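Residue-level listing of the chains:
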Amino acid sequence: MTEPLYVGSVARVEADVYNNMVDPRVLANPTTLALTVTAVLTGVVSTYTLAGGTVVLVSTGVYYALHPCVSVGPHTVKWVSTGANAAAGPGAFEVLADA
């Protein structure tokens, strides 16, 4: 996410999942995939899952979820995949007041 995010906008949170058991590593699909986004100032946690249809598969190993920006301030991101190609990855973004 390179453009500023404002309250009322939607954050596209992206993840790439790799098979780290081969060299060189290649994009691969996990058994399960979940994203949690936490609004740090309010403590509100939003969860998105591949099984629930709120995480979108773009192509092998490439995923995204859309998170509505309703709270100002920092947001933490954590992707977790389990089973085949298990991994976890953190991230963060900032939501600004209306422009």
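Given the structure is predicted, the values throughout are model-derived calculations rather than measurements.

## Section: the overall build of the protein
Part 1: Secondary structure summary: the protein contains zero helices and ten strands in total.
Part 2: In sequence order, the secondary structure elements of the protein are arranged as β-β-β-β-β-β-β-β-β-β.
Part 3: Dimensions of the protein, computed from the C-alpha atoms along their principal axes, are close to 45 × 25 × 20 Å.
Part 4: Of the accessible surface of the protein, which amounts to about 5,800 Å², a share of 60% is contributed by carbon and sulfur atoms.

## A few points about the sheet that holds strand β5 (residues 32–39)
Part 1: On the basis of which strands lie adjacent, the open sheet formed by five strands has the order β1-β10-β9-β5-β6 and mixed pairing. The sheet is open, and its two edges are formed by β1 (5–6) and β6 (45–49), each paired on a single side.
Part 2: As judged from the eight bridges shared by β5 and strand β9 (residues 73–82), these two strands associate in the antiparallel manner. Across the sheet, A39 pairs through a bridge with H75, a residue of β9.

## So, the pattern of salt bridges
Part 1: Across all of its chains, the model carries one salt bridge by this definition.
Part 2: E14 is paired through a salt bridge with R12; the nearest N and O atoms lie 2.8 Å apart.

## Observations regarding the side chain of N19
Part 1: Inspection of the secondary structure puts N19 in strand β3 (residues 18–19).
Part 2: Side-chain polar atoms of N19 contact the backbone nitrogen of M21, separated by 2.8 Å.
Part 3: When neighbours within four sequence positions are excluded, N19 is seen to be in contact with R25, V26, A28 and N85.

## A few points about unusual backbone geometry
Part 1: With an omega of 5°, the peptide bond between D23 and P24 qualifies as cis.
Part 2: Its location among the elements puts P24 in the loop between β3 and β4 (26–27).
Part 3: Of note, the phi angle at N85 is positive, near 65°, even though the residue is not glycine.
Part 4: By the element assignment, N85 lies in the loop between β9 and β10 (87–96).
Part 5: The exposure class assigned to N85 is buried, which follows from its relative accessible area of 18%.

Each value, and the rule that gives it
- Residues numbered from 1 in each chain as written.
- Predicted model: local features only at pLDDT ≥ 70, side-chain atom pairs only at ≥ 80, totals over all residues.
- Heavy atoms only, no water.
- Helix = DSSP H or I, 4+ residues; strand = E, 2+ residues; numbered from the N terminus.
- Areas by Shrake-Rupley, 256 points an atom, 1.4 Å probe, with all protein chains shown as cover.
- Pairing = 2+ DSSP bridges.
- Salt bridge = Lys/Arg side-chain N within 4 Å of Asp/Glu carboxyl O.
- Polar contact = N/O pair within 3.5 Å; in protein donor to acceptor, adjacent residues only side chain to side chain.
- Contact = heavy atoms within 4.5 Å.
- Buried < 20%, exposed > 50% of the residue type's maximum accessible area, 1.4 Å probe, protein only.

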